[in-house]
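Single-letter residue listing:
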Amino acid sequence: MQPLLAATFLAQTAAPGGASMISGLLPFVFIIGAMYFLILAPQRKKQKADEKMRAELQTGDEIMTNGGIFGTITNVKDDRFVIRVADNTKLEVAKAFVQSRVKPANADKK
């Protein structure tokens, strides 16, 4: 009689059902959703803001590169900027390496 009771118990607990599969996948769905909203969405937002900032740069703007070089844009080309870093010293920098626009050192405070 015991083998029959054990077989019945196993049949009830191992019965494939739609509800058990959904409840088993639910934690993974929550983890993926949390990763999207905590990691991917803010990263995409920052990337779009950086692209917008680079598209708005023009001649005369002061910038800082990813390498920490400060300079003033003297010429805008299709895929790069020509920046002046000192008297008679110009560098060509790819647009992707511009980190931020900085305020000029001699800007008037308002």
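Rules used in this analysis
Residues numbered from 1 in each chain as written. Predicted model: local features only at pLDDT ≥ 70, side-chain atom pairs only at ≥ 80, totals over all residues. Heavy atoms only, no water. Helix = DSSP H or I, 4+ residues; strand = E, 2+ residues; numbered from the N terminus. Buried < 20%, exposed > 50% of the residue type's maximum accessible area, 1.4 Å probe, protein only. Contact = heavy atoms within 4.5 Å. Areas by Shrake-Rupley, 256 points an atom, 1.4 Å probe, with all protein chains shown as cover. Salt bridge = Lys/Arg side-chain N within 4 Å of Asp/Glu carboxyl O.

Novice: Explain the overall build of the protein chain to me, and be specific about the residues and the numbers.
Specialist: For the protein chain, the helix and strand inventory stands at two helices and five strands. Residues counted as buried form 14% of the 110 residues belonging to the protein chain. For the protein chain, the share of sequence-separated contacts (at least 6 apart) that also reach a separation of at least 24 residues comes to 35%. Carbon and sulfur atoms make up 62% of the accessible area of the protein chain, which amounts to about 9100 Å² in all.

Novice: Outline the pattern of salt bridges, supporting the account with residue identities and numerical values.
Specialist: Per the stated rule, a full pass over the model turns up four salt bridges. Taking the shortest distance from any N to any O, the salt bridge between Arg-80 and Glu-92 comes out at 2.9 Å. Of this pair, Arg-80 sits in strand 3 (residues 80-86) while Glu-92 sits in strand 4 (residues 89-94), placing them twelve residues apart in sequence. By relative accessible area, Arg-80 is classed as partly exposed at 33%. Salt bridges here are not isolated pairs; linked through shared partners, they connect Lys-77, Asp-79, Arg-80 and Glu-92.

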